[in-house]
Amino acid sequence: MKLYKEFLKEFFPKCEFIRKVSLNAGLGCPSFCAYCNNSSFSPVAKTELSLMEQLEAGIKNIRKKNTGILAYFQSYTNTHAPVQKLREIFTPVISHSEVVGLAIGTRPDCLPTEVVNLIAELNKIKPVIVEIGIQTANDETLKKINRNHTAQCSRDAAMLCKNSGLATTAHIIIGLPGETMEDFTKVAELVKECGFSSIKIHPLHIVKGTRFAEEYQSGKIKLLSFEEYCEAAAEVIRIVSPDTAIERISAESPKEILVAPDWSGNRVRIWEGINSISP
């Protein structure tokens, strides 16, 4: 199993440490998922600062010798705009002297060829990681949660990025309503098939301000137990390539908006649970 810090060390060999600075480029999403509240995972989902003000503030907070800054376009869908607008957004950030690279969070249905070509162009300036929210390989689930793309769309976007020389991170969710171990293995196989550089594995967690919060409180959604999640995450890790770095296995959300489960952000406990699963 390869850890994300090992991947970053290979990707940025001149930096002793890499720290992400989260950014909100002011872009939206083509559709809003049933589980999504950007405030639950992005510290800058709500900000009045300009993009460069956010960057400078983030750098100031973590500036340290031998630390490279990975500018992380985290909030919403960061390729959901015309190419020229994206060029205007990304260029000043990647040109910043303390930024060693970009991480761009997006969706598979917002990675047309012209956008990937732009990102590949930026990748020649400094390394770029494209973080793609694929979530599941079950088309019926994708429809139910209002993703409005397919598993094939995820494959196409991932392969387009890979063939353009870009590093990619897959986001998947374990425990979406109605899914079973068969679904979790299928999405792991998709990640392996597409050669993702790294993976973020999240348990489904319920946050306020979402459709899922309403459905959970009315008893329509049943979450996986801690043990069930660890078993599924261990199986996903077993299936994906050993060269795919494991970036996350938890899902932290502010206590004031987290509804359930109360263990979803406990990384240490989750790792212990995963490691206790027999190979």
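The notes below deal with the structure included here. All figures in this text were calculated on a predicted structure; none of them were measured in a lab.

This paragraph deals with the overall build of the chain. In terms of regular secondary structure, the chain is built from 10 helices and 10 strands. Whereas a compact globule of 279 residues would reach a radius of gyration of roughly 19 Å, the chain reaches 18 Å, a difference of no more than 12%. Reported as C-alpha extents along the three principal axes, the dimensions of the chain are approximately 50 × 40 × 35 Å. Relative to its full complement of 279 residues, the chain shows a buried share of 54%. Long-range contacts, defined as pairs at least 24 residues apart, comprise 83% of the intrachain contacts of the chain with a sequence gap of at least 6.

Turning our eyes to something else, we now look at the environment of Leu 142. As for its placement among the helices and strands, Leu 142 is situated in helix α5 (residues 139-144). Placed 93 residues apart in sequence, Leu 142 and Leu 49 show a C-alpha to C-alpha distance of 34 Å. Setting aside its immediate chain neighbours within four residues, Leu 142 contacts Ile 134, Thr 136, Arg 147, Asn 148, His 149, Thr 150 and Ala 151.

Across the 8 residues of strand β6 (residues 167-174), 8 count as buried, placing the element largely inside the fold. With burial as the criterion, each face of β6 is covered, one bearing Ala 167, Thr 169, His 171 and Ile 173 and the other bearing Thr 168, Ala 170, Ile 172 and Ile 174. Summarising the sheet, strand β5 (residues 128-135) and β6 pair through 6 bridges and their orientation is parallel. Note that in β6 the partner of Ile 132 across the bridge is Ala 170. As defined by bridge partners, β6 adjoins strand β7 (residues 198-203) across 6 bridges and the pair is classed as parallel.

Of all the 6 residues making up β7, 6 are buried; the element is thus mostly covered by neighbouring parts of the structure. Every second residue of β7 is oriented toward a common face, with Ser 198, Lys 200 and His 202 on one face and Ile 199, Ile 201 and Pro 203 on the other, all of them buried. When β7 meets strand β9 (residues 245-248), the two strands line up parallel, connected through 3 bridges. Of the residues in β9, the one forming a bridge with Ser 198 is Ala 245.

Quick look at the pattern of salt bridges now. Under the definition given, this model contains 13 salt bridges. A salt bridge links Arg 107 to Asp 109; the shortest N-O distance between them is 2.7 Å. Arg 107 gets classed as buried once you look at its relative accessible area, which sits at 3%.

So, about the packing of helix α9 (residues 226-239) against helix α10 (residues 267-275). Axis separation between α9 and α10 bottoms out at 8 Å; the angle between their running directions is 65°. On the basis of their axis angle, the class for α9 and α10 is roughly perpendicular. The handedness of the crossing between α9 and α10 is right-handed. Two secondary-structure elements touch here, α9 through Phe 226, Tyr 229, Cys 230, Ala 233, Ala 234 and Ile 237 and α10 through Arg 269, Ile 270, Trp 271, Gly 273 and Ile 274. Of the residues contributing to the contact of α9 with α10, the split by class is 9 nonpolar, 1 polar and 1 charged.

The next subject is unusual backbone geometry. Glycine aside, residues mostly have negative phi angles, and peptide bonds mostly take the trans form. For the peptide bond that leads from Ala 260 to Pro 261, omega is -10°, which places it in the cis range. Secondary-structure assignment places Pro 261 in the loop between β10 (258-260) and α10. Phi is positive for Asn 148, which is not a glycine, with a value near 65°. Position of Asn 148 relative to the elements: it lies in the loop between α5 and α6 (151-163).

Strand pairing within a sheet occurs via backbone hydrogen bonds; the two strands may be parallel or antiparallel. Here we have 8 strands laid out as an open sheet, ordered β1-β9-β7-β6-β5-β4-β3-β2, and parallel in their pairing. What marks the edges here is a single partner per strand, and that holds for β1 (2-3) and β2 (17-23).

Attention now goes to the nonpolar core. Counting residues in each nonpolar core, the largest one holds 63 residues, and the members touching the most others are Phe 73, Leu 102 and Ile 201. Top element by residues in this core is α9. It accounts for 9 residues. Apart from residues lying up to four places away in sequence, Phe 73 is in contact with Leu 23, Ala 25, Leu 51, Asn 78, Ile 89, Phe 90, Val 93, Leu 102, Ala 103, Ile 104 and Gly 105. One finds Cys 33, Ile 145, Leu 176 and Phe 212 within the second-largest nonpolar core, a separate group that totals 13 residues.

Glancing now at α6. Every α-helix winds through 3.6 residues per turn, so residues three or four apart in the chain are directed the same way. Helix length check: α6 (13 residues) gives 18 Å between terminal C-alpha atoms against 18 Å at 1.5 Å per residue, within 8%. When we look at burial in α6, the residues that qualify are Ala 151, Ser 154, Ala 157, Ala 158 and Cys 161. Down the axis of α6, the sector holding all buried residues measures 125°, keeping them to one side. Those residues of α6 that are buried lie in contact with α4 (113-123), β5, α5, β6 and α7 (181-193). Residue Gly 165 follows α6 closely and has a positive phi angle near 85°.

Parameters and conventions
Residues numbered from 1 in each chain as written. Predicted model: local features only at pLDDT ≥ 70, side-chain atom pairs only at ≥ 80, totals over all residues. Heavy atoms only, no water. Helix = DSSP H or I, 4+ residues; strand = E, 2+ residues; numbered from the N terminus. Rg over C-alpha atoms; globule rule 2.2 N^0.38 Å. Buried < 20%, exposed > 50% of the residue type's maximum accessible area, 1.4 Å probe, protein only. Contact = heavy atoms within 4.5 Å. Pairing = 2+ DSSP bridges. Salt bridge = Lys/Arg side-chain N within 4 Å of Asp/Glu carboxyl O. Axes fitted to C-alpha atoms, helices over the stretch in contact; angles between N-to-C directions. Parallel < 35°, antiparallel > 145°, perpendicular 65-115°, else oblique. Left-handed = near helix turned anticlockwise from the far one by under 90°. Nonpolar A, V, L, I, M, F, W, Y, C, P; charged D, E, K, R; others polar. Core = buried A, V, L, I, M, F, W, Y, C linked by side-chain atoms within 4.5 Å. Expected span 1.5 Å × (residues − 1). Arc of directions from axis to C-beta.

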